[in-house]
Amino acid sequence: MAVRTTTAEALVEEVFLFGRALKRAVTTGDEESPLPQALTGVLAILATEGECRQTDLANRLCVSQSALSRQIADLVDLGYIDRTPDPDDKRASRVRVSSEGGEKLKVIWDRRANRLREMLSDWSETEALAALDSIQKLNNTFNEDAQDTAHLKLIAR
């Protein structure tokens, strides 16, 4: 049986509210980090994707090339990203997380995971795994749809 419109509408609202609440929850205490949230996001996606061209990373992040270029420059200056010429296209460059960037990201992820674990202290492991399963199912569903609309990746946030 298909999901009712009212259920889908409520789910959309809750997903957006959840995204905001999660960001606020896990970034509390990140003030100690000199790395702004936007740069943390770029670093995290790059760590997941691995070495790639800047243009591919911009498409993956759904941001303009110029916005990403400034963020990459900041991360290179901090020593968290290595940038090298693309061997296939000398006009382009490839980027990857440096060892310092990997260490910084690990500190941030550990702090966020500990913060979330504290917040879930009254949850059982079964409840947490059920929530994880639901979120993974949503992500898989949303990503299937995103693959069908890959041509829309050029739209910047």
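Each remark here, short or long, concerns the structure printed above.
In every chain, residue numbers begin from 1 and rise along the written sequence. pLDDT decides what is reported in this predicted model: residues at 70 or higher carry local features, side-chain atom pairs at 80 or more are listed and counted, and totals for whole chains, interfaces and linings draw on all residues regardless. The basis for every side-chain value is the complete set of non-hydrogen atoms in the structure, without hydrogens or water.

S.K.: Sorry if this is basic, but what is going on with unusual backbone geometry here?
M.R.: Phi is mostly negative for residues that are not glycine, and the peptide bonds are mostly trans. Backbone geometry places cysteine 62, a non-glycine residue, at a positive phi of 55 degrees. For helices the rule is a DSSP run of H or I covering at least 4 residues; for strands it is a run of E covering at least 2, with both sets numbered from the N terminus onward. Along the polypeptide, cysteine 62 turns up in the loop between α3 (54-61) and α4 (65-78).

S.K.: Where do I start with the layout of surface pockets in this structure?
M.R.: Over the atoms a probe the size of a water molecule is rolled, and this reveals where empty space is left. A pocket here means an open set of points on a 1 Å grid, computed over the protein atoms alone, that has protein on both sides within 12 Å along at least five of seven lines. A cavity is instead a set of points where a 1.4 Å probe fits but cannot get out; residues with an atom within 4 Å of a point line either one. Grid points are joined across faces, edges and corners, and a volume is the space filled by probe spheres set on the points. As a volume, the second largest pocket reaches approximately 350 Å³. Around the second largest pocket, the lining comprises 14 residues; the ones closest to its centre are Phe18, Leu116, Leu120, Trp123 and Ile135. Every element with two or more residues in the lining of the second largest pocket is listed here: α1 (5-27), α5 (99-119) and α6 (125-148). Sorting elements by how many residues they give to the lining of the second largest pocket places α6 first, with 6 residues. Here the term charged refers only to Asp, Glu, Lys and Arg, the term nonpolar to Ala, Val, Leu, Ile, Met, Phe, Trp, Tyr, Cys and Pro, and the term polar to all other amino acids, Gly among them. Here the residues of the lining of the second largest pocket are counted per class, giving 13 nonpolar, no polar and 1 charged.

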